[in-house]
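# Topology and contacts: notes
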Amino acid sequence: MKGFWHLVKKKWLSYRFRFVPWIALNLKEKGHRSVRKVDDKIVPDDAIISTLFHFSASLHENLNNGFVNKKPIESLKVMEKVLGYTVQLKQSTIPGAGVGVFVTQGIVTAGSIVAFYPGTIYRGTEPLLLQSIANPFIFRCIDGLHLDGKDSGISRMIFKSCVHRDLRWPFFPADLSWLTGDFINPLNCGQYVNNETPDFPCNVAYQECDLPLDRFPIELRRYLPNIYYSSSEWNRADFLRLVALVAVKDIVVDTELFSTYYTVVHA
């Protein structure tokens, strides 16, 4: 019994930083996390947007204009050709951590975009309590927006529903493939990047930015990782929130990606 409660406590200490009600009641906890600066930028936002645009355009061109489902291996070939590296899900090197994200081809140089955090975007007044229960994939942005990156259960149903709600046939407003693990856009796997540990220091960091939707062609939006919980007609969003994972050092092949819930703070 003692071992059981030790396991429960260990899981809670990791899970609580992504449990929305706990975060709301504990905005500052001494000795565990540092506060992010609003102006933290590892790379310019335009570098993130440019990477996403050029890679999405290449996927669209190479995957039969994006309207025929292709095997993930074909998307990885495009990724290696365009970005010079690939990332994939594999068993984490941290015992008991489950799945992690690894560099599987090429070398990632510092400042490169290695993943995006996919999921439904919630504003502060929108309902998220039910989805957050037993959900370690809730990401809280600096300004209070939340991203739900869980690919199963009610979170999965809501994301699919929002995509079909905003569908303008034949143009999909976001990527659905990350829900299945058969990634058409292999970058949309950021929710599976594990937190750093004393033995595995971070090699990537989160960076939030807003994508001006008027700069992103409608035919390429099927590769975007996120969608708003509220309909586009209601919130009239001109920007889409993106959360990128950016390499803070060079990363060689077969290396797992590690970050923290909080963005690395630069003095």
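Per an unreviewed UniProt entry, the recorded name for the protein is SET domain-containing protein 9, and the organism is Daphnia magna.

So, about the overall build of the protein. From N to C terminus, the protein includes 7 helices and 11 strands. Relative to its 267 residues, the protein shows a buried fraction of 48%. The contacts in the protein between residues at least 6 apart in sequence include a share of 74% that link residues at least 24 apart. Working note: accessible area of the protein is about 13400 Å², and carbon and sulfur atoms make up 58% of it.

The sheet built from 3 strands is open, its strands ordered β3-β10-β8 with antiparallel pairing. Every other strand in the sheet has two partners, leaving β3 (113–116) and β8 (204–212) as the edge strands with one partner each. With direction set aside, neighbouring strand axes in the sheet form an average angle of 35 degrees.

To continue, consider the pairing of strand β10 (residues 239–247). Counting buried positions along β10 yields 8 of 9 residues, so the element is predominantly enclosed. Two elements, β3 and β10, share 3 bridges in a ladder whose sense is antiparallel. Residue pairing in the sheet places Ile113 in a bridge with Val246 of β10. In terms of strand pairing, β8 meets β10 through 9 bridges, oriented antiparallel.

What follows concerns the environment of Asn135. Topologically, Asn135 is positioned in the loop between α5 (129–132) and β5 (138–140). In the structure, Asn135 is positioned 14 residues away from Gly149 in sequence and 9.0 Å away in space, judged by C-alpha atoms. At 2.8 Å, the side chain of Asn135 forms a polar contact with the backbone nitrogen of Phe137.

Let's shift gears to unusual backbone geometry. With omega at 5 degrees, the peptide bond leading from Trp169 into Pro170 counts as cis. Its location among the elements puts Pro170 in the loop between α6 (153–165) and β7 (194–195). Of note in this structure, Ala134 is not a glycine but carries a positive phi near 55 degrees. Along the chain, Ala134 turns up in the loop between α5 and β5. The exposure class of Ala134 is exposed, given its relative accessible area of 55%.

Each value, and the rule that gives it
Residues numbered from 1 in each chain as written. Predicted model: local features only at pLDDT ≥ 70, side-chain atom pairs only at ≥ 80, totals over all residues. Heavy atoms only, no water. Helix = DSSP H or I, 4+ residues; strand = E, 2+ residues; numbered from the N terminus. Buried < 20%, exposed > 50% of the residue type's maximum accessible area, 1.4 Å probe, protein only. Contact = heavy atoms within 4.5 Å. Areas by Shrake-Rupley, 256 points an atom, 1.4 Å probe, with all protein chains shown as cover. Pairing = 2+ DSSP bridges. Axes fitted to C-alpha atoms, helices over the stretch in contact; angles between N-to-C directions. Polar contact = N/O pair within 3.5 Å; in protein donor to acceptor, adjacent residues only side chain to side chain.

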